[in-house]
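One letter stands for each residue in the lines below.
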Amino acid sequence: MSHTAEDIVNWGTFAETRTVLGEAFVRVLGYFREDGIKSVAAIEQAMRERDSAKLVLPSHTLKGESWQFGAERLAALTEEIEVAARHYVEIRQGPEELVEKVVQLRPLFEATLSALESEASPLVERRAQFGARTMGQSQFGRL
């Protein structure tokens, strides 16, 4: 399934988080990358082991960090995995019914991370600033 940045990230939430975190934003986004890679791997491993309990914590972690950055599709998917895994733990059932959702997780995480990092790149800011200066200069003298 193909994902576009517009359908996987709430850019309003992303901008709000960027503003709140200020200079720490890029560092915290780096933590999201590191934690996300670990969480996805742990979820996949728990699925291979058919261990519902081992699905809970990495799903919970990835869900929370995803909401923080406006990664709503990723957050919703990991929330579904977490809630179902908690239920399976309670009823002492394996997570086999979650295979399809877990298979969707890595490509969605990678697409989301790519969109977030692309938007957070200093080059994005420079392009916007350069474009603004260029526009201003090209309009100079035409008023």
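Residues numbered from 1 in each chain as written. Predicted model: local features only at pLDDT ≥ 70, side-chain atom pairs only at ≥ 80, totals over all residues. Heavy atoms only, no water.

A. Up close: the confidence of the model for the protein. Confidence in the prediction for the protein averages 87 pLDDT; 81% of positions are at 70 or higher. The lowest-confidence element of the protein is helix α7 (residues 122-139), averaging 45 in pLDDT; the highest-confidence one is helix α5 (residues 72-90), averaging 98. Segment residues 125-143: pLDDT under 50, and one contact once partners within four positions in sequence are set aside and those in other chains are kept. (pLDDT = per-residue confidence, 0-100. Helix = DSSP H or I, 4+ residues; strand = E, 2+ residues; numbered from the N terminus. Contact = heavy atoms within 4.5 Å.)

B. Representation of the side chain of Ser 52 within the structure. Residue position: Ser 52 is located in helix α4 (residues 52-68). On the basis of relative accessibility, which here comes to 5%, the residue Ser 52 falls in the buried class. (Buried < 20%, exposed > 50% of the residue type's maximum accessible area, 1.4 Å probe, protein only.)

C. Seen up close, the packing of aromatic side chains. The tally for this structure, following the rule as stated, stands at five aromatic pairs. A ring pair is formed by Phe 14 and Phe 25, whose centres lie 5.3 Å apart and whose planes are at 90°; its orientation type is edge-to-face. Taken together, the residues span a long stretch of sequence, with Phe 14 in helix α2 (residues 11-21) and Phe 25 in helix α3 (residues 25-48) at a distance of eleven residues. Judged by centre distance (5.4 Å) and plane angle (50°), the rings of Phe 32 and Phe 69 are tilted. A residue pair is termed long-range when its members are at least 10 positions apart, and Phe 32 in helix α3 and Phe 69 in the loop between α4 and α5 qualify at 37 residues. Per residue, the accessibility class of Phe 32 equals that of Phe 69, and both read buried. (Phe/Tyr/Trp six-rings, centres within 6.5 Å; stacked < 30°, edge-to-face > 60°.)

D. Looking closely at the pattern of salt bridges. Under the defined criterion, the tally for this structure stands at nine salt bridges. Between Glu 80 and Lys 101 there is a salt bridge, with the nearest N and O atoms lying 2.6 Å from each other. Of this pair, Glu 80 sits in helix α5 while Lys 101 sits in helix α6 (residues 99-120), and the two are 21 residues apart along the sequence. The exposure class of Lys 101 is partly exposed, given its relative accessible area of 28%. With a closest N to O distance of 3.9 Å, Glu 110 and Arg 106 form a salt bridge. A residue pair is termed a helical-turn pair when its members lie 3 or 4 positions apart in one helix, as Glu 110 and Arg 106 do in helix α6 at four residues. Assessed through its relative accessible area of 30%, Arg 106 is described here as partly exposed. One network of salt bridges, in which partners are shared, links Glu 44, Arg 106 and Glu 110. (Salt bridge = Lys/Arg side-chain N within 4 Å of Asp/Glu carboxyl O.)

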